[in-house]
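Results of the structural survey
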Amino acid sequence: MALKRGLSSVGVHRNRSSGSRFPIVILVLFSVLAPLVFFVGRGLYIPDQNGYTKQNVDWRERLALESIRNLFTKEVIDVVTTSTADLGPLSLDSFRKGNLSASWKVIGIETSVEDDATSQSNQKATDLKQEMSQIKEGRLLDDDHSSDTPAKTIRRQLRDNRRAKRAAELVQQDNEAILKLENAAIERSKAVDSAVLGRYNIWRREFENDNPDSTVRLMRDQIIMAQVYVSIAKMKNKLDLQQELQIRLKESQRAVGESTVDADLPHSAPEKIKAMGQVLSKAREQLYDCKFVIGKLRAMLQTSEEQVRSLKKQSTFLSQLAAKTIPNAIHCLSMRLTIEYYLLPIEKRKFPGSENLENPNLYHYALFSDNVLAASVVVNSTIMNAKDPSKHVFHLVTDKLNFGAMNMWFLLNPPGKATIHVENVDEFKWLNSSYCPVLRQLESASMKEYYFKADNPTKSASSNLKYRNPKYLSMLNHLRFYLPQVYPKLNKILFLDDDIVVQKDLTGLWSVDLHGKVNGAVETCGESFHRFDKYLNFSNPHISRNFDPNACGWAYGMNMFDLKEWKKKDITGIYHKWQNMNEDRTLWKLGTLPPGLITFYGLTHPLEKSWHVLGLGYNPSVDKKEIEHAAVVHYNGNMKPWLELAMTKYRSYWTKYIKYDHPYLRSCNLSE
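One structure accompanies this document, and this report is about it. (Residues numbered from 1 in each chain as written. Predicted model: local features only at pLDDT ≥ 70, side-chain atom pairs only at ≥ 80, totals over all residues. Heavy atoms only, no water.)

**Quick look at the state of the cysteines**
If you walk through the whole model with that rule in mind, you get two disulfides. A sulfur-sulfur distance of 2.2 Å marks the disulfide that ties Cys-332 to Cys-668. One quick way to see it: the torsion about the S-S bond of Cys-332 and Cys-668 is about -70°, and its sign makes the bridge left-handed. Here Cys-332, found in helix H13 (residues 328–343), pairs with Cys-668, found in the segment after helix H26 (663–667); they are 336 residues apart in sequence, far enough to count as distant. Judged by relative accessible area, Cys-332 falls into the partly exposed class, the value being 25%. In this model Cys-525 forms its disulfide with Cys-552; the gap between the sulfur atoms is 2.0 Å. Here the S-S torsion is close to -90°, and the disulfide linking Cys-525 with Cys-552 is therefore left-handed. In this pair, Cys-525 sits in the loop between strand E6 (519–521) and helix H20 (541–546) while Cys-552 sits in the loop between H20 and strand E7 (558–562), placing the two residues 27 residues apart along the sequence. In this structure, Cys-525 and Cys-552 share a single accessibility class: buried. Counting its disulfide-bonded cysteines in sequence order, the protein shows a connectivity of 1-4, 2-3. (Disulfide = S-S within 2.5 Å. Helix = DSSP H or I, 4+ residues; strand = E, 2+ residues; numbered from the N terminus. Buried < 20%, exposed > 50% of the residue type's maximum accessible area, 1.4 Å probe, protein only.)

Here it is as structure tokens:
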């Protein structure tokens, strides 16, 4: 290309000087091309043959070379010479095909390779790889190189090195281009909203993006609009259209029924949709009035919201009722055990080891419960994980309804070498309304109305049904504030709830230094709703002046109480003071945790979290490793392990401490 452009530039110059010399220019052109074609065809370099060398070049060739030097610049001749030395004889075909070496570059000329760098670089890389593989296989080399001169060997090595270098450069460029494309794709993917993906992903089969309930939702929308037009038709006295709408409305309602997905709809659903659509189109033409439609839809929306609120309230009440109601099987167990207990002679109703009940050198536990099965799990799990069960003493307190059942169960199933004692809270004569503020408040008219009047119209009766649970009427729930009165000769006692499971030996808790505090408990302020401001009313000046709203809360369920310090600091008196101030429930709602936070404020020593892991009764995402490494796991919440509401993934930690082959359990249909 460069040769032709050079020649054409010479011709153009001559045409500018004189147009009459055109024939002469043609003649000179052919005279120049003739030797050029000759040497291109044969090769500018003649190898050594029959004793000829470079010094014995034919005189015609020397004459032609002199003519070429006069016509072309030194740079062009160097290009031709270099290409010949690198790639062998230079032919016209090599010019036509563009198979020039990398050294064949003319400044100022842009080739198609430069115009399409990406595609040509890929093609060259492929060709070079094939060429290199051929070189490795010996396909491009002569069968015998033994006769090659040192100069040829050096040139061949240089040529191979240049080819390898070019191949490496092209591969590097290709890798860089791929990396840039990948990075650009990653950046573009970051801008895509992941919420749009999922069900609507374009790679799904047949590019599906329909909801599985799209038809159900369409039919429900048609039902809503039909109800609107029925009301408007009645208002405008369009009786025929009203009747037709009502017919289609009933058909669609029957077709939808309780369906939640399209697969639940009958096969006639498309026909119902079509028929309803026709009636709605007709109604729109005759009845559509924007003002009427908006008013009717707003009224329907308000009605639906009221229904939702009512259902939520009902659901809350039922969930609380289900959570706190004893299942039939456990009630059956309690009744059968009670009957068996009162049939026993009095002398057989006593537990052994009564001398250990007031021994301060042993490990004492306080457990207050009206659930026989739950209490048995607490005792069994503690004993099975204890290093020396003979040093453990369990103090159980229940109500008079379950006193016989609780006694009978542990008489039939004694806790090994451990000591156990069951008491009836109703026999604590000192625990009366004149001494206990809670009992006095429960006897007040306002509290009875709050608990027992079903049609109470006040706001407090309709809100926070959680705090209107009957368990707050039981003194078993408030007995935890009277531990020194119940166990006057003990120094320390470990309080346990009946919805916990012990997984490790707990004797280490007795050696924990509480640093002069009364209560040892695990703090729960990792989440915002476990701080004081979520339990107490800080709009009340009595609360705001005395407590920090951001103070960390702690959990009942497993608490180590120092009864000596309790007596010194008069903890029960502090509890009575605040309980009296909360008679109108303005400081906190009902329950034992809020008064516990107040009573033990500044008197609680935080324990390691591994001692007590909570949330198995409401949190489905408790870390499994935390559960397995915990000394005590707590099913706080509504989903107790003995209820059908229990979360299956956590229930096995509780059920493994129950012998379901026990005859009493089988007779009451208690099973896993």
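**With respect to the sheet that holds strand E9 (residues 612–613)**
If you walk across this open sheet you meet the three strands as E5-E10-E9, and the pairing is mixed. Each edge of the open sheet carries a strand with a single partner, namely strand E5 (500–502) and E9. Across two bridges, E9 lies against strand E10 (residues 632–634) in parallel orientation. Residue His-612 lies in a different strand from E10, and its bridge partner there is Val-632. (Pairing = 2+ DSSP bridges.)

**Digging into the packing of helix H9 (residues 214–235) against helix H11 (residues 269–287)**
At a closest axis distance of 10 Å, the pairing of H9 and H11 adopts a crossing angle of 35°. Of the two possible hands of crossing, H9 and H11 adopt the one that is left-handed. Here H9 contributes Thr-215, Leu-218, Met-219, Gln-222, Met-225, Ala-226, Tyr-229, Ile-232 and Ala-233 to the contact with H11, which in turn contributes Ala-269, Lys-272, Ile-273, Met-276, Gly-277, Leu-280, Ala-283, Arg-284 and Leu-287. Class assignment for the residues of the contact of H9 with H11 results in 13 nonpolar, three polar and two charged. (Axes fitted to C-alpha atoms, helices over the stretch in contact; angles between N-to-C directions. Left-handed = near helix turned anticlockwise from the far one by under 90°. Contact = heavy atoms within 4.5 Å. Nonpolar A, V, L, I, M, F, W, Y, C, P; charged D, E, K, R; others polar.)

**Side note on the packing of helix H14 (residues 372–384) against helix H15 (residues 403–412)**
Contact pair H14 / H15: the axes reach a minimum separation of 10 Å and the direction vectors enclose 40°. By the angle class used here, H14 and H15 are oblique. Taken as a pair, H14 and H15 cross one another with a handedness that is right-handed. Of the residues in H15, those in contact with Val-372, Ala-375, Ser-376 and Val-379 of H14 are Ala-405, Met-406, Trp-409 and Phe-410. (Parallel < 35°, antiparallel > 145°, perpendicular 65-115°, else oblique.)

**Quick word on the side chain of Asn-402**
Structurally, the position occupied by Asn-402 is in the loop between strand E2 (392–398) and H15. Note on Asn-402: relative accessible area 11%, which makes it buried. Polar contacts involving the side chain of Asn-402 include one to the side chain of Ser-334, which spans 3.1 Å. Look past the residues within four positions of Asn-402 in its chain and what remains in contact with it is Ser-334 and Asp-370. (Polar contact = N/O pair within 3.5 Å; in protein donor to acceptor, adjacent residues only side chain to side chain.)

**Notes on H15**
Here H15 lies mainly inside the structure; eight of its 10 residues are buried. Those residues of H15 lying buried are Phe-403, Gly-404, Ala-405, Met-406, Asn-407, Met-408, Trp-409 and Phe-410. For H15, the secondary structure elements touched by its buried residues are H13, H14, E2, strand E3 (419–424) and H26.

**Comments concerning the nonpolar core**
Of all hydrophobic cores here, the largest spans 63 residues; its most connected members are Leu-333, Leu-396, Leu-494, Leu-506, Leu-509 and Trp-654. Sort the elements by how many residues they give to this core and H14 lands first, with eight residues. Not counting residues within four places of it along the chain, the set of residues in contact with Leu-509 comprises Leu-494, Met-558, Met-560, Leu-607 and Trp-611. By size, the runner-up hydrophobic cluster in this structure holds 43 residues, among which are Val-438, Phe-532, Tyr-575 and Trp-578. (Core = buried A, V, L, I, M, F, W, Y, C linked by side-chain atoms within 4.5 Å.)

**Description of the pairing of E7**
With five of five residues buried, E7 lies mostly within the body of the structure. Residues Met-558, Met-560 and Asp-562 of E7 are buried on one face, and the alternating residues Asn-559 and Phe-561, pointing to the opposite face, are buried as well. In terms of strand pairing, strand E4 (residues 492–496) meets E7 through five bridges, oriented antiparallel. Looking at E7, one finds that Leu-496 is bridged to Met-558. Direction of pairing for E6 relative to E7: antiparallel, over a ladder of two bridges.

**Concerning the pairing of strand E1 (residues 363–368)**
Within E1, five of the six residues are buried, which leaves it mostly tucked inside the rest of the structure. Judged from the six bridges that link them, E1 and E2 form a sheet pairing that is parallel. Directly across from Tyr-365, in E2, lies its bridge partner Phe-394. Once the chain exits E1 it traverses H14 before rejoining the sheet at E2, and the crossover so formed is right-handed. For E1 and E4, the ladder comprises three bridges, and the chain directions are parallel. Bridging from a neighbouring strand, Ala-366 pairs with Phe-495 of E4. (Right-handed = clockwise from strand over helix to strand, strands pointing away.)

**A short note on the pattern of salt bridges**
All told, the structure shown has eight salt bridges when counted by the stated rule. Between Arg-480 and Asp-497 there is a salt bridge, and its shortest N-O distance comes to 3.8 Å. Here Arg-480 is found in the loop between helix H18 (459–462) and helix H19 (483–486), whereas its partner Asp-497 is found in the loop between E4 and E5, with 17 residues between them in sequence. The same class applies to Arg-480 and to Asp-497, which are both buried. Among the ionic pairs, Glu-565 bridges to Lys-569, the shortest N-O distance being 2.7 Å. Of this pair, Glu-565 and Lys-569 both sit in helix H21 (residues 563–569), separated by four residues, roughly a single helical turn. For Glu-565, a relative accessible area of 16% translates into the label buried. Given the relative accessible area of 31%, Lys-569 is considered partly exposed. Several salt bridges share partner residues, and in doing so they unite Glu-565, Lys-568 and Lys-569 into one network. (Salt bridge = Lys/Arg side-chain N within 4 Å of Asp/Glu carboxyl O.)

In short, the description is geometric, and any link to function would need to be established separately.
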